[in-house]
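So you can see what is in the structure, the chains are spelled out below.
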There are 2 protein chains.
Amino acid sequence: MEEKELEKLIGSFMILPGVGYKTAQRYAYRILDLDKEKVEDFAKTVVSAKEKIRFCSRCGGFSEGELCNICLSRHSKIICVVEEPKDIASIEKVKNFDCLYHVLNGCISPLAGKGPDDIRLKELLMRVNQEDISEVVVATNPSVEGEATAMYISKILKPLNIKVTRLAQGLSLGSDIDYADEVTLSKAIEARREI
Amino acid sequence: MEEKELEKLIGSFMILPGVGYKTAQRYAYRILDLDKEKVEDFAKTVVSAKEKIRFCSRCGGFSEGELCNICLSRHSKIICVVEEPKDIASIEKVKNFDCLYHVLNGCISPLAGKGPDDIRLKELLMRVNQEDISEVVVATNPSVEGEATAMYISKILKPLNIKVTRLAQGLSLGSDIDYADEVTLSKAIEARREI
């Protein structure tokens, strides 16, 4: 019995991650509550962002031009390798760590049919050869696939005399040993440090 | 250091209720992941819904035309009075209760400077006089203001020989007596029924 346009509006919000019917309904009611201008601005912003944001031809991160702001303005001998463009934003939040980035667009995952040629490894190798790079920090996810990808990167870069590092694994700050899973604990014990 | 358009896109999602920076960021990344056509469809649906959905001239609920689907197609002697257009959807979910609706657009709230003339009470009175109505079910929220509004409606409709009822208050199904607040419990005791 609901109006058709309202149902369409609710349905349209369900393309967003984690948004079910109930949340979509709340969003739809907010849209109907807002001024027409604000709604039009919102729609315009979404379409224009989708049109303008593409990928940096060097690092593969989000960019409005040929090269992203980081590639254009930052000078560093460190490349941080991440799986997805959005991972860059997370690492950027860490202050005092100035690095360039390289997005793989996934990781090596035989189960998903993704081999070394399906991610941006050739591009990484090319950059390491051409740019003045001293260290590659592999910041792939701490999953089996991320781990395998890190090992692979280390294997192909070692012959070039490049220092390859991996983000440390262990207990999260503020977490509870009680709730830590066995694998994390075992990694934390393995990598224990003298104090 | 993030791209400007990306920041604008993230900011634009924060007009939605309960959406902070982190959630807006997730939504923005989903938009960048989707096909261009899907994003354009999404934007079009939002704008077109905002343009087409207005309020039913009779009941005040959401409508695409002069009258909403419920007012056009349903015949009932019962009017259910609600505070907001969106409340209609909640009551519609209850099967076996066929009623017409009347949206007040708020409720009497002296603290917010809202008196009886600021909500659609005149319109309700007019409908009760003109249409063939036998019962008015007041489904305002179980708050102090909703309660006051219900009492007021009862007062103005009683002289017209209209049955005025209010949704029952008591324990929610599946809830725990342990966690029920005192007011709810007191209402539930007050309205206890013989079994």
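Draft legend 1. Just the pattern of salt bridges, in detail. Scanning the entire structure with this criterion turns up 18 salt bridges over all chains. Of the charged contacts in the structure, one is a salt bridge between Arg-74 of chain A and Asp-98 of chain A, with a shortest N-O distance of 4.0 Å. In this pair, Arg-74 of chain A sits in the loop between α4 (69-73) and β3 (78-82) while Asp-98 of chain A sits in the loop between α5 (85-92) and β4 (100-103), placing the two residues 24 residues apart along the sequence. Arg-74 of chain A sits in the buried class, given a relative accessible area of 12%. Here Arg-127 of chain A makes a salt bridge to Glu-131 of chain A, at a shortest N to O gap of 3.0 Å. Judged by its relative accessible area of 5%, Arg-127 of chain A falls in the buried class. Among the charged side chains, a salt-bridge network with shared partners connects Glu-5 and Lys-8 of chain A together with Lys-52 of chain B.

Draft legend 2. Structural view of the nonpolar core. One finds Phe-13 of chain A together with Phe-13 of chain B to be the most contacted residues of the largest nonpolar core, which totals 40 residues. Among the secondary structure elements, those contributing two or more residues to this core are α1 (4-13), α2 (21-33) and α3 (36-52) of chain A together with α1 (4-13), α2 (21-33) and α3 (36-52) of chain B. Once residues lying within four places of it in the same chain are set aside, the contact partners of Phe-13 of chain A are Val-19, Ala-24, Tyr-27, Ala-28 and Ile-31 of chain A together with Leu-16, Phe-42 and Val-46 of chain B.

Draft legend 3. How the structure looks around the packing of α1 of chain A against α3 of chain B. Running from N to C, α1 of chain A and α3 of chain B point in directions that differ by 150°, and their axes come no closer than 9 Å. Relative to α3 of chain B, α1 of chain A is oriented roughly antiparallel. In the crossing of α1 of chain A with α3 of chain B, the sense of the turn from one axis to the other is left-handed. Contacts between α1 of chain A and α3 of chain B involve Glu-5, Lys-8, Leu-9, Ser-12 and Phe-13 of chain A from the former and Phe-42, Thr-45, Val-46, Ser-48, Ala-49 and Lys-52 of chain B from the latter. Class assignment for the residues of the contact of α1 of chain A with α3 of chain B results in 5 nonpolar, 3 polar and 3 charged.

Draft legend 4. Inspection of the interface of chain A and chain B at higher detail. Between chain A and chain B, the contact holds 52 residues from the first and 52 residues from the second. Both sides together, the interface formed by chain A and chain B hides about 5,000 Å², and carbon and sulfur atoms give 69% of it. Across the salt bridge formed by Glu-5 of chain A and Lys-52 of chain B, the nearest N and O atoms sit 3.2 Å from each other. For the interface between chain A and chain B, the tally reads 19 residue pairs in polar contact (both at pLDDT 80 or more). Those elements that place two or more of their residues in the side of chain A that touches chain B are α1, α2, α3, β2 (62-63), α4 and α5 of chain A. The leading source of residues in the side of chain A that touches chain B is α3 of chain A, at 13 residues. For the side of chain A that touches chain B, the class distribution of residues is 24 nonpolar, 8 polar and 20 charged.

Each value, and the rule that gives it
Residues numbered from 1 in each chain as written. Chains lettered and ligands numbered in written order. Predicted model: local features only at pLDDT ≥ 70, side-chain atom pairs only at ≥ 80, totals over all residues. Heavy atoms only, no water. Salt bridge = Lys/Arg side-chain N within 4 Å of Asp/Glu carboxyl O. Helix = DSSP H or I, 4+ residues; strand = E, 2+ residues; numbered from the N terminus. Buried < 20%, exposed > 50% of the residue type's maximum accessible area, 1.4 Å probe, protein only. Core = buried A, V, L, I, M, F, W, Y, C linked by side-chain atoms within 4.5 Å. Contact = heavy atoms within 4.5 Å. Axes fitted to C-alpha atoms, helices over the stretch in contact; angles between N-to-C directions. Parallel < 35°, antiparallel > 145°, perpendicular 65-115°, else oblique. Left-handed = near helix turned anticlockwise from the far one by under 90°. Nonpolar A, V, L, I, M, F, W, Y, C, P; charged D, E, K, R; others polar. Buried area = accessible area lost by both parts, 1.4 Å probe. Polar contact = N/O pair within 3.5 Å; in protein donor to acceptor, adjacent residues only side chain to side chain.

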